[in-house]
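Coordinate inspection notes
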Amino acid sequence: MESYLNENFGGVRSKNTTDEALIRWRRVCGVVKNPKRRFRFTANISKRSEAAAMRRTNQEKLRVAVLVSKAAFQFIHGIASTPNEYTIPVEVKDAGFGICAEELGSIVEGHDIKKLKGHGGVEGIASKLCTSCTDGINATQDSVKARQVVYGLNKFTESPPRGFWLFVWEALQDMTLIILGVCAIVSLLVGVASEGWPTGAHDGLGIVASILLVVFVTATSDYRQSLQFKDLDKEKKKISVHVTRNGYRQKLSIYDLLPGDLVHLSIGDQVPADGLFVSGFSLLINESSLTGESEPVAITADYPFLLSGTKVQDGSCKMLVTTVGMRTQWGKLMATLSEGGDDETPLQVKLNGVATIIGKIGLFFAVLTFAVLTQSLFSHKWQEGTQLFWTGEDALKLLEYFAVAVTIVVVAVPEGLPLAVTLSLAFAMKKMMNDKALVRHLAACETMGSATCICSDKTGTLTTNHMTVVKSCICGNIKEVSNPKEADSIRSNISDSVLKVLLQSIFNNTGGDVVRDKSGRVEILGTPTETALLEFGLSLGGDFQLMRQECKLLKVEPFNSAKKRMAVVLQLPDGSLRAHCKGASEIILDACDKYMDSTGNIIPLDEASFNHLKDIIERFAGEALRTLCLAYLELEDDFSQTSQIPSRGYTLLGIVGIKDPVRPGVKESVEICRSAGITVRMVTGDNITTAKAIARECGILTDGGIAIEGPQFREKKPEEMKELIPKIQVMARSSPLDKHTLVTNLRSIFDEVVAVTGDGTNDAPALHEADIGLAMGIAGTEVAKESADVIILDDNFSTIVTVAKWGRSVYINIQKFVQFQLTVNVVALGVNFTSACLTGNAPLTAVQLLWVNMIMDTLGALALATEPPNDELMKRSPVGRKGNFISNVMWRNIIGQAVYQFFVIWYLQAHGKEVFQLDGPDAELVLNTLIFNSFVFCQVFNEINSREMEKINVLEGVLENYVFVGVISCTVIFQIIIVEYLGTFASTTPLTLFQWIVCILFGFLGMPVGAAIKLIHV
């Protein structure tokens, strides 16, 4: 079976699956009772084609708009803006605004420079939107409402939620249930005509009631599942941006943005609405998500158009929001994309394969059973010589045989298998949300259960990401910096001129900001590293705003993980130019040829001084401190804004050591991973000494492990890498390309299932390449989050281990459910077919089989697929990439239980009347009731047995799983009601206490039998 599944259903990967592979497995599916339900949680390929066509149209439209705007710009450049003939709509004018949403949309989306100039440029648009390019809009409750009425909300049109009755309607689309319904109606008509009302209606009404019960239980389960996905979708869409509104900077949800807002964007951010560039530096925008163009677009004051859904690839800016929601091209594209759905997961596809195989076998046996039963009826009538005379009773019997055959298909085709995966994934995703992990793609849940390797960042994942400068070496003086007195000591040891240059460097060469909130309290914004440096600058007595106002910022080269440095060019009050640079210690130190002493004298950096400073860096790093160097360079007057900021010739100002403590519980989590067969590797951009110190503290770096730097790693030949990679435990000073290379080699050469963490824009390729991309929820950029499969909301490594545990739980739970369902399939098929062949009767009626189908399908999935994880899961080896889903252990359990249940049913059929001393006209009915009751209790106890596939103690923790206990209790209660009170509809009769005890005993004996089977090693 496994080879058939791999051949026909194995083309679907956990991510980046081609449309051809998705279409191929759909074609192979043969027996599908209810396509609407079976394929509900699969990708809508036609809608995806629509989205691709829309993207191509956008690409062409925007390309034309760019060409036209460039031509217009060349034509009108240098000419004063011409008066615009635009007429303000009355309702816009009445609301107090000077421009409508349609006009704004045509300017930005059409890249219409002429129109923009006609409206007075960006300042003119801001004025017409009643906003300020420095303080943003003045937002009161009434003004916010007025803007929303005129310009709309920043929300995309979504498909309306599916109501409960729609799920009922979809459940009724099941072809076998429709056929059974027709059989029930015919049975009702023939029965009433021949036997009268109500006696003749019992069989037909029984089938109708069973169908309705199946439909409503199925619809309820599916509806609850859809509500869980809806909640998770809401969480996925929670994105916040920095906005200046009411004169101060604050964090707002993108859905609260209004035209006129000032949005602050930096590397890795997604542009949340259409807008215009107000101010910024080195801004490069990646428009590929909207246009398909991979080449980044430079945005400047001359070309200020920013489109919603595009990404900031480099630089930073302040943007004026102009158009929001469905008035943007991104809004229209998202509305189409949302209907395309997620790719189906490999496990869903594989279980569709299992359902297809069993469905074909079931269909074959159903036809054979019907043929055998019909032949038996014809033989009986032939022997009696009544083959030409057919009564209503004969017609009902034939109809009953047909209903049994159809019901065998209902039971045999395990339609619930693929949906059980979705149920288990939905349950796991909801629980993981509570454990601070947001799953963006369903497949990530199950893939994480197979992970064999985790490549983790250091900062913020293994460490707390709460950074503070605790040591510094300014002008050669090493000082502890843990309280204000020590900061005073640093100030007293350096001259005022040195302090001024140092504070100038800290406060101007930064991506952070020091602002005041509503209450006037000082708040530091920015990355943890920037925050630590700004805090250090403030502790030295610096004034952030004063320092920023003293100098004019001419050029900014933002920090990125490739250059590992940030640089700015300032124009000083006297008109001279100065470059400030900070970044990775050894890189900045290599760029310096001088250093400044405590009196402000510039001293050449000789070899002895260089080695001394290098030793200080190593000493700081050895104490697990993150080290940064600060340097500056006096520039010539001929430096222009188009020139590159020099990379050498700097004067060293100082070295700072930043403490980022290891998170509590990380060492224990790494140990859990090791016992689970998961290798943890640290991949960081930090100094190798710092990385090794942290890795030892976390338990990642062991005696036999290797720590290597990125530049060394990338120089290795493929043969050397093959030998080296299994031993690598730490990679320091790594670039995004190094991380990508490591992941690619682990997956291709060593066939590992790799999980990778990332937070920056440049981590996107590695997150995309990995089997499971894990983005950081706090420190992560929007680009990283969009490339990831799971977002770790608290940036904590221990949460990653929790995700792995839940992933294993999903995989094991589905295996348990498949084992349980296949056992019921095999026994139900075998019993009815062999009984029909040997006795000419089927012991289980259509109504009884429908009830069994519900026990094993919807209720079974609910009980077994929602089992929470336990610590034992992390003591097993990972499944890896090539593990068989239906394992030998499962086949052993299925065959063992099936043989036992066959024996019970056959024993009752052969000797039941003697054992229970049954005689008289109701003997056959009582016997069939005993067989049905014993069969159901065999399934109840087999469900308990299926909680553990290898452990003998199956009752451990059972009372903690309320869903499981509830399902088992409901099954038993309904079984008692069916047998004792619904006999006329279900073809049963009330049993004595002794008979009930025996039936329950037959079921219970399945547990010791199951325990004995587990002792057989396979």
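Residues numbered from 1 in each chain as written. Predicted model: local features only at pLDDT ≥ 70, side-chain atom pairs only at ≥ 80, totals over all residues. Heavy atoms only, no water.

From N to C terminus, the protein includes 39 helices and 26 strands. Counting across all 1018 residues of the protein, residues that qualify as buried make up 55%. Partitioning the contacts of the protein with sequence separation of at least 6, the portion at a separation of at least 24 is 73%. Surface summary for the protein: the accessible area is close to 42,500 Å², and the carbon and sulfur share equals 58%. (Helix = DSSP H or I, 4+ residues; strand = E, 2+ residues; numbered from the N terminus. Buried < 20%, exposed > 50% of the residue type's maximum accessible area, 1.4 Å probe, protein only. Contact = heavy atoms within 4.5 Å. Areas by Shrake-Rupley, 256 points an atom, 1.4 Å probe, with all protein chains shown as cover.)

Let's shift gears to the sheet that holds strand β9 (residues 453-456). Reading across the sheet, the eight strands line up as β8-β26-β25-β24-β9-β21-β23-β22 and stay open at both edges, with mixed pairing between neighbours. Both outer strands of the open sheet, β8 (437-439) and β22 (706-709), are each paired with one neighbouring strand and no more. Geometrically, the sheet is characterised by an average inter-axis angle of 20 degrees between neighbouring strands, direction not taken into account. Of the pairings in the sheet, the one linking β9 to strand β24 (residues 754-758) comprises three bridges and is parallel in character. In the sheet register, Ile454 faces β24, and the bridge partner there is Ala755. (Pairing = 2+ DSSP bridges. Axes fitted to C-alpha atoms, helices over the stretch in contact; angles between N-to-C directions.)

What follows concerns the pattern of salt bridges. Per the counting criterion, the structure on display carries 25 salt bridges. A salt bridge links Glu557 to Arg565; the shortest N-O distance between them is 3.4 Å. Residue classification places Arg565 among the buried positions, given a relative accessible area of 11%. If you follow the salt bridges from partner to partner, you end up with Lys458, Arg626 and Asp686 in one network. (Salt bridge = Lys/Arg side-chain N within 4 Å of Asp/Glu carboxyl O.)

Where nonpolar side chains cluster on the molecular surface, the patch consists of Ile973, Phe974, Ile977, Tyr981 and Leu982 and spans about 480 Å² of accessible area. Since its relative accessible area comes to 34%, Leu982 is described here as partly exposed. (Patch = residues over 30% accessible without salt bridge, like charges linked within 9 Å, V, L, I, M, F, W, Y side chains within 5 Å.)

Under the definition given, this model contains 15 aromatic pairs. Ring geometry for Phe427 versus Trp806: centroids 6.0 Å apart, planes at 70 degrees, classification edge-to-face. With Phe427 in helix α17 (residues 416-434) and Trp806 in helix α32 (residues 797-839), the pair connects residues that are 379 residues apart, well separated along the chain. By relative accessible area, which is 15% here, Phe427 ends up buried. Taken together, the ring pairs connect Phe164, Trp165, Phe167, Phe216 and Tyr223 into an aromatic cluster. It is Arg947 that lies over the ring of Phe964; its NZ or CZ is 5.6 Å from the centre. (Phe/Tyr/Trp six-rings, centres within 6.5 Å; stacked < 30°, edge-to-face > 60°. Lys NZ or Arg CZ within 6 Å of the ring centre and 35° of its normal.)

Here the protein shows a mean pLDDT of 82. Residues at 70 or above account for 86%. Across the protein, the element-wise mean pLDDT spans from 61 in helix α3 (residues 35-38) up to 94 in helix α38 (residues 993-1004). For residues 77-82, every residue scores under 50 in pLDDT, and the model assigns this stretch three contacts once sequence neighbours within four places are set aside. (pLDDT = per-residue confidence, 0-100.)

Core analysis: the largest hydrophobic core is formed by 73 residues, its most contacted members being Leu180, Ile207, Phe932 and Phe935. For this core, the leading source of residues is helix α35 (residues 923-945), giving 13 residues. In this structure, Ile207 is in contact with Leu180, Ala184, Ala403, Ala846, Val847 and Leu850, ignoring residues within four places of it in sequence. The next biggest cluster of nonpolar side chains, apart from the first, holds 66 residues, and it includes Ala428, Ala691, Ala732 and Tyr811. (Core = buried A, V, L, I, M, F, W, Y, C linked by side-chain atoms within 4.5 Å.)

On to the packing of helix α34 (residues 888-915) against helix α39 (residues 1006-1014). A pair of packed helices can be characterised by two numbers: the angle between their axes and the separation between those axes. Where α34 contacts α39, the axes come no closer than 10 Å and their chain directions differ by 140 degrees. Relative to α39, the element α34 lies oblique. Regarding α34 and α39, the two cross each other, and that crossing is right-handed. In this structure, α34 uses Arg892, Asn893, Gly896, Gln897 and Tyr900 to contact α39, whose residues at the interface are Gly1006, Val1009, Gly1010, Ile1013 and Lys1014. Looking at the contact of α34 with α39 residue by residue, the class counts come to three nonpolar, five polar and two charged. (Parallel < 35°, antiparallel > 145°, perpendicular 65-115°, else oblique. Left-handed = near helix turned anticlockwise from the far one by under 90°. Nonpolar A, V, L, I, M, F, W, Y, C, P; charged D, E, K, R; others polar.)

Along β24, five of the five residues are buried, which leaves the element largely enclosed by surrounding structure. Alternating residues of β24 divide into Val754, Val756 and Gly758 and Ala755 and Thr757, and every residue in both groups is buried. The pairing of β24 with strand β25 (residues 772-776) spans four bridges and is classified as parallel. Directly across from Ala755, in β25, lies its bridge partner Ile772.

Here the focus is the pairing of strand β13 (residues 522-525). Where strand β12 (residues 513-516) meets β13, four bridges bridge the pair, whose relative direction is antiparallel. Residue pairing in the sheet places Asp513 in a bridge with Leu525 of β13. Here β12 folds back onto β13, and the loop between the two strands holds five residues, one of which, Gly520, carries a positive phi near 90 degrees.

In this section: the packing of α34 against α35. Remark: α34 packs on α35, axes separated minimally by 10 Å, with the N-to-C direction vectors making an angle of 160 degrees. Of the possible angle classes, the one that applies to α34 and α35 is roughly antiparallel. With respect to the hand of their crossing, α34 and α35 are arranged in right-handed fashion. Residues Gln897, Tyr900, Gln901, Val904, Ile905, Leu908, Gln909, Gly912 and Lys913 of α34 touch α35, and the partners they reach there are Ala923, Glu924, Leu927, Leu930, Ile931, Ser934, Phe935, Cys938, Gln939, Asn942 and Asn945.

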